[in-house]
Amino acid sequence: MTPQDAHPISSRGSGAEQIPTRMPTANRPQNAGKTVNGDTSRLESVAKVTGAAKYGRDMQAPGMVWVRGIRCPWGNARLIGHDADAAKAVPGVVDVVVTGDTGEYNGDAVGYLLAENKLALSRGLRALRARWERLPCRTGIDAREAVLSVSDKAENALLFADHVLEAEYSTPVQTHSALETHGMMIDHQGDAAVVYASTQGTFAVADEIASFLSLPRNKFEVRCEHVGGGFGAKFQIGKEGAFAGNVASSLKRPVYSFCDRKEEHLDTGNRPSALVKVRVGFSKDGTVLGGQIGVWGGVGVATRGGDAAIPSGRYEFGVIERSMTNVSFNGGAPRAMRAPGHPQGAFAEELMLDEIATIAGVDPLELRIRLDKDETKARQAMYRLGAEMIGWKDRQPTGSQSGVVRRGFGVGSTSWRALRGPCDIEIAVHRDGSAELRTGTQDIGTGQRTACAVLAAERLSIPLELVSVAIGSSRLPNGPASGGSVTSPSSAPAVLAAAADAERQLMEIVAQQIGGAGTDYRLRNGKIVRGEEAVMGWNELCRRLPSESLVGRGTWDGRGSPYFQKGNSNGVQFVEVEVDSETGVVQVKRVIAFQACGRIICRKTAESQIIGGVIQGISYALFEDKLLDRQTGAMVNPNLEWYRILGANDMPTIEPVLWMDAEQTGVRGLGEPPVVPTAGAVAAAVFNAVGTPVRSLPIRPDRVLAAVEAAAVAGVAKGGAS
Amino acid sequence: MNPFALLQADSVAEASAAAKDVRLSVLKAGGMDLLDLMKEGIAEPTQLVNLRTVRDPALRTIEAGRIGALATLADIARSDAVRASAPVIAKCAASAATPQVRNVATAGGNLLQRPRCWYFRNEQFNCLKKGGSTCYAVDGENRYHAVFGPGPCHIVHPSNLAVALLACDGVVSLAGGERATLPIAKLFHMPDRGIRDESNLEPGEVITSIAYSPAPVSGFFVVKERQSFDWPLTMAAVALKLDGRRIASARVCAGAVAPVPWSLPLVEKALQGVALDDEAALRAACAKSIDGAEPMRDNAYKLKLLPVAIRRAIADAAGAKEGQ
Ligand SMILES: Cc1cc2nc3c(=O)[nH]c(=O)nc-3n(C[C@H](O)[C@H](O)[C@H](O)COP(=O)(O)OP(=O)(O)OC[C@H]3O[C@@H](n4cnc5c(N)ncnc54)[C@H](O)[C@@H]3O)c2cc1C
Ligand code: SF4
């Protein structure tokens, strides 16, 4: 059964509605998307808030041994001594395994310690008395070493420019800071094991852990019922997984290996830092003619992965010469993080656009409308509607305000490729009328479980309550890893195909029982109909199943499909901020986030993705910063006290607007695009309020105060606005 | 964390005796700070003496002019008596930490919590305060450190409450030692007078309550980088005596700028006789707050914040007056 055979979902049945957002009717965009289901909460929401939902981190087994890495405390150091005997003498310590003697960054592991319980683990590590000799280290990108090269092509573009903007934008290392830290519990019993992993890729973990466990694939299962956040850092098993795998296979015992908060910050990946240097020329009206853009990506001990997506390709920038350099230093290596490379690029790009607009004396929104290449014209519509919604007309010219509290507006854009991959789904229909959807892919907190259930119920035309979902197991049908925003778009066609297959089989049974051909019948509103005539109820049909259950199978190869039209998923975000010019404190007041999304399966979970992206974007803009001590290379804030993440009092009003492009009818991923433009739009808004750009994230009070002061000096120099 | 004995004290006398006699014995109130220190391996007591099991109601009573040492920050923040007699204290308590922390953190523990310097709190840095030979903040990451004081340690005092109490001429009542009372102004010392600890209490001395002078015209302002769950970048507490619309006398104290809650006598003096609506004179007086400051490489911004925080605390106090 291919998805081509399954007719596209319609808006019939289970609470379908036309209005995708809670916006007042007057503001509702005409092409607001149709949703399959409006108000369903996550199926597991009660389990999550009551604690009944068990995460990998919650799993324990009798006789379990605990593992923790022996980690380098400094940016660069050599292990010159340790006392393994003393560590082993600590009651409960099982073993100490030291495999190396150099640490190239704070958190680098040189071995691990095993203990019967958590307390013995930390006592053992202390008794180990690892002695480290500190070596010189490098803690980040050195801006002085980043020299923008000069190319003829770019210089030619600058020749005809009325203005040239030279600027340097920088972003810090951001850690994923998932609430559930990385790790796994391997319940190793005899010649079999269950691996409870916190992962974005059930099957990827199965592939990777297999070599450690030396068990055949039919002897172990990777399970992942709930995940407390991944954001791109949980595809690989990491060191913590490798330790667990080694120990499980050698001791043949259950093993618990989860990072603590410190290890989570130090060694489970990050969004790399970036330095972007630009030298761009533009004409009097702000039209960008071209120039030079250099990106330096701070990749820790890695050698690649530091690119920042500037130019993003969304705006017309003329002739741009671009260079990219990965800068290694003594820090943890990056991993994919929610729209890898994009928020850092968009920060530089959006702020640069506002700077260009300000110099040229044009409205930055008008400039974007002019420069935006927007192939679908969706963003053009979003710009106009968003301007109305946020009250762009109240925006004061940049640098014109002199009050204590200054208001600023900013805007930024996003686009995302609609990616998808292969997926298999089974739907079992039971004699009692219930249905179980089975997919091995994982729900990383996005609502994947819920989306599958909603689609299956919709397609089978039965109440949602009848559908349960078995998810997150390598024993279940194959599904995608959750990266690149592919999970929903990959599974949706397979769910529809599986449901259609189940329907086909069911209708055959109806035909056998009451005559005619299977194709004469259809499922509708919990009944079996022939034309308009109901011939049997769903429950009655199920009771007549020849065996306990019937399984519909849907397979999708991830390629072309009637559900997908080409084009990116576009978006625009508008931001309003208030800046206290005496304290430098920035409060984001309001964010309007337009996001083209194709067909919405479940409004709540879709909006939640956008809201979450915006929150993470603001947090990146204002607070987050993995700070390495410049002398020792140790992270000084490996906790959630000084590694600040936006909290309740910092939360603006966020208004997501789900946007259906007429052409884009399929299900599209929403995980990544909403996080792209936020920080850039916040930075643009702060610039608008203050008059001098803050070109480094996070936009801390000290930086804002410096900008306020610079603006005042510039104002005096101009003899202007005092 | 090492094994330790837990003594559930029945009386202050018992707690005091235990804390005095047993080596490495430590009093525990809410435990918010102590447990953090133990988990990080910075405090390694062999005995915890639980004060919270002492049932004496006086330890928890709050009345105008006196706060029991075991009263929580949440109790203080919502106490009508405190809000009327010294709004600055209630506001300070309310601004500290998070609702969850405030429900557990006690007044006594808040005063005596250890500093938050990230080198101090990370076990691996054996800095001066922990008996090592260097202050890592001097050439390291010092954006949240002190702008006053000659060192050699550059912590900022962490207690919000202490700043407000200092502005209200607070005096702690003690049990178990030789002294019956100690002014807040004398409760803490600068690092050059002892770097390993911050308070002047002797082992076994227990704070039972804190008295303060009524300050109905008092106010507070704090600047935080993040508005949820964050420490002050700079804060100011003021207590005013007014003569009509003029400041007859003022107590002005600052937090997060020095190793101890910081008195600003120059500002107090300059404020004398200034009219509440004389913007220029207020500004000039508040500008004196940074006299003698010696910022480190990354914390000079605090010198911009401090006068602003004081000015706004004065406005807050004037507002409290208006509200009466
Ligand atoms: C996330 C977070 C944010 C925070 N933010 C702030 C903030 O913004 N401002 C702020 O001021 N604080 C803040 N705090 C600190 C918090 O307020 C303190 O940890 C708390 O007040 C300590 O009180 P406690 O009763 O738990 O003390 P404990 O941890 O029990 O004790 C602390 C110390 O005081 C001693 N002690 C306690 N009571 C007495 C007594 N009666 N007599 C003698 N010695 C005593 C103990 O021996 C111990 O040394 C924050 C804490 C956290 C976790
Ligand atoms: S400021 Fe004090 S506590 Fe911090 S590193 Fe220096 S000596 Fe240690």
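The rules we used
- Residues numbered from 1 in each chain as written.
- Chains lettered and ligands numbered in written order.
- Predicted model: local features only at pLDDT ≥ 70, side-chain atom pairs only at ≥ 80, totals over all residues.
- Heavy atoms only, no water.
- Helix = DSSP H or I, 4+ residues; strand = E, 2+ residues; numbered from the N terminus.
- Rg over C-alpha atoms; globule rule 2.2 N^0.38 Å.
- Contact = heavy atoms within 4.5 Å.
- Lys, Arg positive; Asp, Glu negative; His and termini not counted.
- Charge placed at Lys NZ, Arg CZ, Asp CG, Glu CD.
- Near = heavy atom within 4 Å.
- Polar contact = N/O pair within 3.5 Å; in protein donor to acceptor, adjacent residues only side chain to side chain.
- Nonpolar A, V, L, I, M, F, W, Y, C, P; charged D, E, K, R; others polar.
- Buried area = accessible area lost by both parts, 1.4 Å probe.
- Salt bridge = Lys/Arg side-chain N within 4 Å of Asp/Glu carboxyl O.
- Buried < 20%, exposed > 50% of the residue type's maximum accessible area, 1.4 Å probe, protein only.
- Arc of directions from axis to C-beta.
- Pairing = 2+ DSSP bridges.
- Axes fitted to C-alpha atoms, helices over the stretch in contact; angles between N-to-C directions.
- 1 Å grid on protein atoms, 1.4 Å probe; cavity = no way out; pocket = protein on both sides within 12 Å on 5 of 7 lines; lining within 4 Å.
- Points joined across faces, edges and corners; volume = space filled by probe spheres on them.

A. Broad picture of the overall build of chain B. Scanning chain B from terminus to terminus reveals 14 helices and 12 strands. For 324 residues, the compact-globule formula gives about 20 Å, and the C-alpha radius of gyration of chain B, at 19 Å, lands near that figure. When its C-alpha atoms are laid out on the principal axes, chain B stretches across 60 × 45 × 35 Å. In chain B, the share of contacts with a sequence separation of at least 24, taken over all contacts with a separation of at least 6, comes to 63%. The average position of the 37 basic charges and that of the 33 acidic charges among the side chains of chain B differ by 3 Å.

B. View of the site of ligand 1. All names here are of chain B. In the region of ligand 1, 32 residues are neighbours, and Leu27, Ala29, Gly30, Gly31 and Thr106 sit closest. Here Asp33 contributes a backbone N or O atom positioned 2.9 Å from an oxygen atom of ligand 1. Measuring from an oxygen atom of ligand 1, one finds a side-chain N or O atom of Thr106 at 2.6 Å. Elements that contribute at least two residues to the shell around ligand 1 include exactly β2 (25-28), α2 (32-39), α7 (107-112) and β8 (206-211). Residue contributions to the shell around ligand 1 peak at 4 residues, all from α7. When grouped by side-chain class, the residues that make up the shell around ligand 1 number 19 nonpolar, 9 polar and 4 charged.

C. Geometry of the interface of chain B and chain A. Taken together, the contact pairs 40 residues of chain B with 44 residues of chain A. Interface of chain B and chain A: buried area, both sides summed, is about 3,600 Å²; carbon and sulfur atoms make up 48% of it. Of all residues in chain B, the largest losses of buried area upon contact with chain A belong to B:Gln124, B:Glu225 and B:Arg226, amounting jointly to 18% of the total for that side. In this assembly, chain B and chain A are joined by 13 salt bridges. With a shortest N-O distance of 3.6 Å, A:Glu709 and B:Lys304 are connected by a salt bridge. Of all the secondary structure elements, the ones that give two or more residues to the side of chain B that touches chain A are α8 (118-121), α9 (136-139), β9 (218-224) and α14 (302-322) of chain B. Broken down by element, the side of chain B that touches chain A gets its largest block of residues, 5 residues, from α14(B). Across the side of chain B that touches chain A, the residue classes break down as 15 nonpolar, 7 polar and 18 charged.

D. Examining helix α4 (residues 152-159) of chain A more closely. Residues and elements named next belong to chain A. Regarding α4, the residues found buried are Ala154, Ala157 and Leu158. The buried residues of α4 occupy an angular sector of 100 degrees when projected down its axis, which confines them to one face. Across α4 from its buried face, at more than 90 degrees, point the exposed residues Asp152 and Leu159. Tucked inside the fold, the buried residues of α4 contact β8 (163-171), β15 (273-282), β16 (288-298) and β17 (319-327).

E. Looking closely at the pattern of salt bridges. Residue and element names in this part refer to chain A. Counted under the stated rule, the structure contains 66 salt bridges over all chains. As a salt-bridge pair, Arg253 and Glu116 come within 2.7 Å of each other at their nearest N and O atoms. With a gap of 137 residues between them, Arg253 in the loop between α6 (238-251) and β13 (255-258) and Glu116 in the loop between β6 (109-115) and α3 (118-128) connect regions that are remote in the sequence. For Glu116, a relative accessible area of 38% translates into the label partly exposed. One salt bridge in this structure joins Arg524 and Glu532, with 3.4 Å as the shortest N-O distance. On the basis of relative accessibility, which here comes to 25%, the residue Arg524 falls in the partly exposed class. One network of salt bridges, in which partners are shared, links Arg68, Arg71, Asp108, Lys239, Asp260, Glu263 and Asp267.

F. Region of the structure containing the sheet that holds strand β12 (residues 220-223) of chain A. Residues and elements named next belong to chain A. With mixed pairing, 7 strands are arranged side by side in an open sheet as β4-β6-β2-β13-β10-β11-β12. On the outer flanks of this sheet lie β4 (93-98) and β12, each paired with one strand and no other. Between one strand axis and the next, the sheet turns by 20 degrees as a mean value, whatever way the strands run. In terms of strand pairing, strand β2 (residues 65-71) meets β6 through 5 bridges, oriented antiparallel. Residue pairing in the sheet places Val67 in a bridge with Leu114 of β6.

G. Representation of empty space enclosed by the protein. Applying the stated criterion across every chain, the model contains 10 cavities of 30 Å³ or more. Approximately 240 Å³ is the volume attributed to the largest cavity. Lining the largest cavity are 21 residues, and of these A:Trp642, B:Arg116, B:Tyr144, B:Val156 and B:Trp231 lie nearest its centre. Per-element tally for the lining of the largest cavity: the top contributor is strand β10 (residues 232-243) of chain B, with 3 residues. In terms of residue class, the lining of the largest cavity is built from 14 nonpolar, 5 polar and 2 charged. Counted as a void, the second largest cavity has a volume near 80 Å³. The wall of the second largest cavity is formed by 14 residues, among which B:Cys117, B:Cys127, B:Cys135, B:Cys153 and B:Ile155 lie closest to the centre. Listed by contribution, the elements that provide at least two residues to the lining of the second largest cavity are α8 and α9 of chain B.

H. The arrangement of the side chain of A:Ser415 in detail. Residues and elements named next belong to chain A. Locating Ser415 in the fold gives a position in strand β18 (residues 405-416). Among the polar contacts listed, one links the side chain of Ser415 to the side chain of Arg314, at a separation of 3.5 Å. Setting aside anything within four residues of it in sequence, one finds Ser415 in contact with Arg314, Arg379, Asn568, Ser569 and Asn570.

I. Seen up close, the sheet that holds strand β20 (residues 435-439) of chain A. Residues and elements named next belong to chain A. Spatially, the 4 strands line up as an open sheet ordered β21-β20-β19-β25, and their pairing is mixed. Of all strands in the sheet, those bounded by a partner on one side alone are β21 (467-471) and β25 (549-556). Within the sheet, the average angular offset between the axes of one strand and its neighbour, ignoring direction, is 20 degrees. Here β20 pairs with β21 via 5 bridges, running parallel. Opposite Ala435, over in β21, you have Val467 as the bridge partner. Strand contacts of helix α11 (residues 448-460): β19 (423-430), β20 and β21, with the helix running at about 140 degrees to β21, the strand carrying the most contacts. The sheet strands contacting helix α12 (residues 487-514) are β19, β20 and β25, and the helix crosses β25 at an angle near 140 degrees.

Spatial relationships are all this shows, so hold off on functional conclusions.
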